[in-house]
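# Coordinate analysis (summary)
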Amino acid sequence: ELQRLTINLDNQEKEIYRANTAVEETQIRIEQIKNDIKREEFLFNDAKENIERVNDEKSLLEKQQGDLFFEKISNKLNISLPASPNTTAYNDKITALWLSQKEWLIVMNSSVDNEEVKSLQNELSDIHALAIDVSDRWTTINVSGNKAIDVLSKGTSIDLDNSIFGTGACAQTTLWTVNVIVYKIDEKPTFDLFVDSTMAKFLWQWLEHSSKEYVYE
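Below or above, wherever it landed, is the structure these notes cover. What you see is a predicted model, and the numbers here were worked out from it, not measured in a lab. (Residues numbered from 1 in each chain as written. Predicted model: local features only at pLDDT ≥ 70, side-chain atom pairs only at ≥ 80, totals over all residues. Heavy atoms only, no water.)

## Here we look at the sheet that holds strand β3 (residues 103–108)
One open sheet accounts for three strands, arranged β1-β2-β3; its pairing is antiparallel. Unpaired on one side and paired on the other, β1 (88–90) and β3 mark the two borders of the sheet. When the angles between neighbouring strand axes are averaged without regard to direction, this sheet yields 20°. Sheet topology note: the β1/strand β2 (residues 94–100) ladder contains three bridges and is antiparallel. Bridging across to β2, Ala-89 finds its partner in Ala-96. (Pairing = 2+ DSSP bridges. Helix = DSSP H or I, 4+ residues; strand = E, 2+ residues; numbered from the N terminus. Axes fitted to C-alpha atoms, helices over the stretch in contact; angles between N-to-C directions.)

Printed below as a string of structure tokens:
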């Protein structure tokens, strides 16, 4: 009986030793995990700081590029590009229409020759900006008269009334089923519609049809 008790006690001591060893190993692993978490947190915070620094540098560079872009345009064309959505700016030779935060449609009259356009393109080439001649892409349709708003309103959801869409306003929209840029020249009212040349004939036919009821007024 004493021998059996001694053997049983030895087994219990071995189990206790194994349990203590397992506890120590678990504690070591927990410490390793804590250290891993601290390292990952450090790497995360370091990466976050690097991203913030890169974004700040990017913002500064974009601002410098943007300022230089506006300066070059102003010096070359003698015009300040509109910065507010759906607005325009113009002088005796050029009308600039806001299309997006970084895009404008610049309409030049016939007094501006190709050399001036090429000169502008060269001026902008070193500041990651492009001046692309899109003359072949666009056709301009001029709509004017006291029923112009009534005709155009048949094909667009934009409120073209002078109180809402005043002189100098512009907007990209759909007229009937055609994508257009609408520019209001004056309060007569007179509009210029800039339409893809491939759709110009279709839009012209729609305008003719939509204006039939006003022909004799």
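## Concerning the sheet that holds strand β5 (residues 170–175)
Judged by pairing direction, the sheet is antiparallel, and its four strands sit side by side in the order β4-β7-β6-β5 without closing on themselves. What marks the edges here is a single partner per strand, and that holds for β4 (138–144) and β5. Within the sheet, the average angular offset between the axes of one strand and its neighbour, ignoring direction, is 30°. Where strand β6 (residues 178–186) and strand β7 (residues 190–196) come together, six bridges link them in antiparallel fashion. Each residue of the ladder has a partner; that of Asp-186, found in β7, is Thr-190. Taken strand by strand, helix α4 (residues 200–210) contacts β4, β5, β6 and β7, and its axis lies near 15° from that of β4. (Contact = heavy atoms within 4.5 Å.)

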